[in-house]
Amino acid sequence: MSREIHRGFASERTIGFALVKRLAVIFPDAVPIYFWAQRKGGRLAAADSNFKRVQIISCFARRPKIHRPGDPAPHVKFSSSIFQSSRVAKNLQIPTLVGVPIANQLSSLLGCDFQWYEVNLRNERPMEFTVPISQKCVSENGSVQAISELAVTNLRMTGAKWLEWARAREAMALIRSASRGESRFPIGGYTPFFLLFGSNA
């Protein structure tokens, strides 16, 4: 019996657009960004008086993977770059959120539900794995947990430390670098984007 191969029907960047659209509803006071040191790390960004201190959530968009068009059981893959990044983020007290739309074709990205996962790395060498999006118990060691949208809203309150802007800039650069690994591409689907919550206090 041949092993089923699951493939994506859209890029991580496309899925990221869908995620940001939903996250803007969940977190109306968040600014979603891709961190680029020459821009967000520059003087103009640092001059924003509303961003003296920030909370950060590191976010990964994952593609739903399907075996055939209209597959009723899309899968999601957790790659090593997510674990590498989340290890760094955890040390900085920044939560890592993974989101995947429950969709099996491009048109179903309109108004679809999402499955959310919190990555809380507990072991040193996690394996890449692919699971059905509908599977709630994701990994045996607890490194990845499927969570509700209500739990997503709680990530900021329970896991995100307030950081001065200079420190936040360094943190985002470290997390982004860890996710890229040996990649030669400056911006790609395996690079996280960030939700920033600012304070002028």
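These numbers come from a predicted model, not from an experiment.

Draft legend 1. Local environment of the environment of Pro95. Checked against the element boundaries, Pro95 lands in the loop between helix H3 (80–91) and strand E6 (96–101). Its relative accessible area of 9% is what places Pro95 among the buried residues. The contacts of Pro95, once residues within four sequence positions are left out, are Ile56, Ile57, Ser58, Leu155, Gly159 and Ala160.

Draft legend 2. Just the environment of Ala73, in detail. With respect to the helices and strands, the residue Ala73 is situated in the loop between strand E4 (65–66) and strand E5 (75–78). For Ala73, a relative accessible area of 35% corresponds to the partly exposed category. Spatially, the C-alpha atoms of Ala73 and Ile102 are 9.0 Å apart, while their sequence positions differ by 29 residues.

Draft legend 3. How the structure looks around the pairing of strand E7 (residues 114–119). Burial analysis of E7 places 5 of its 6 residues in the buried class, the great majority of the element. Here E6 runs beside E7; their pairing, made up of 6 bridges, is antiparallel. The residue bridging Pro101 from the neighbouring strand is Phe114, located in E7. Bridge count between E7 and strand E9 (residues 144–147): 4 bridges; the pairing is antiparallel.

Draft legend 4. Highlighting the side chain of Ser85. Mapped onto the elements of the fold, Ser85 is located in helix H3. Those residues in contact with Ser85 that sit more than four places away from it in its chain are Ser58, Phe60, Ile175, Ala178, Ser179 and Pro192.

Draft legend 5. Representation of the packing of aromatic side chains within the structure. For the structure on display, the rule yields 4 aromatic pairs. Arg13 extends its terminal NZ or CZ atom over the ring of Tyr34, reaching a point 4.7 Å from the ring centre. Across the ring face of Trp162, the terminal group of Arg53 is positioned such that the distance to the ring centre comes to 4.8 Å.

Draft legend 6. Here's a closer look at the environment of Arg13. Tracing the chain through its elements places Arg13 in helix H1 (residues 12–26). By relative accessible area, which is 29% here, Arg13 ends up partly exposed. For Arg13 and Thr191, which are 178 residues apart along the polypeptide, the C-alpha to C-alpha distance reads 9.6 Å.

Draft legend 7. Spatial organisation of H3. The terminal C-alpha atoms of H3 lie 17 Å apart, and with 12 residues this matches the ideal 16 Å at 1.5 Å per residue to within 8%. Backbone geometry just after H3 places Gln93 at a positive phi near 60°.

Draft legend 8. Representation of the pattern of salt bridges. Applying the stated rule across the entire model yields 5 salt bridges. Notably, a salt bridge pairs Glu149 with Arg22, separated by 2.5 Å at the nearest N-O pair. With Glu149 in helix H4 (residues 149–159) and Arg22 in helix H1, this residue pair connects regions lying 127 residues apart in the sequence. Residue class for Glu149 comes out partly exposed when judged on its relative accessible area of 29%. Look at Arg22 and you get partly exposed, because its relative accessible area is 28%. When the shortest N-O distance is used, the salt bridge between Asp29 and Arg156 registers 2.8 Å. Of this pair, Asp29 sits in the loop between H1 and strand E2 (31–33) while Arg156 sits in helix H4, and the two are 127 residues apart along the sequence. Ionic contacts of the salt-bridge type, sharing partners, join the residues Glu12, Arg62 and Arg63 into one network.

Draft legend 9. Quick look at H4. By the burial criterion, the buried members of H4 are Val152, Leu155 and Arg156. What you see down the axis of H4 is that its buried residues fit within an arc of 85°, all on one side. In H4, those exposed residues whose orientation departs by more than 90 degrees from the buried face are Leu150, Met157 and Thr158. Where H4 is buried, its residues meet H1, strand E3 (53–61), E6, E7, E9 and strand E11 (193–199).

Here is what the cut-offs are and how they apply
- Residues numbered from 1 in each chain as written.
- Predicted model: local features only at pLDDT ≥ 70, side-chain atom pairs only at ≥ 80, totals over all residues.
- Heavy atoms only, no water.
- Helix = DSSP H or I, 4+ residues; strand = E, 2+ residues; numbered from the N terminus.
- Buried < 20%, exposed > 50% of the residue type's maximum accessible area, 1.4 Å probe, protein only.
- Contact = heavy atoms within 4.5 Å.
- Pairing = 2+ DSSP bridges.
- Phe/Tyr/Trp six-rings, centres within 6.5 Å; stacked < 30°, edge-to-face > 60°.
- Lys NZ or Arg CZ within 6 Å of the ring centre and 35° of its normal.
- Expected span 1.5 Å × (residues − 1).
- Salt bridge = Lys/Arg side-chain N within 4 Å of Asp/Glu carboxyl O.
- Arc of directions from axis to C-beta.

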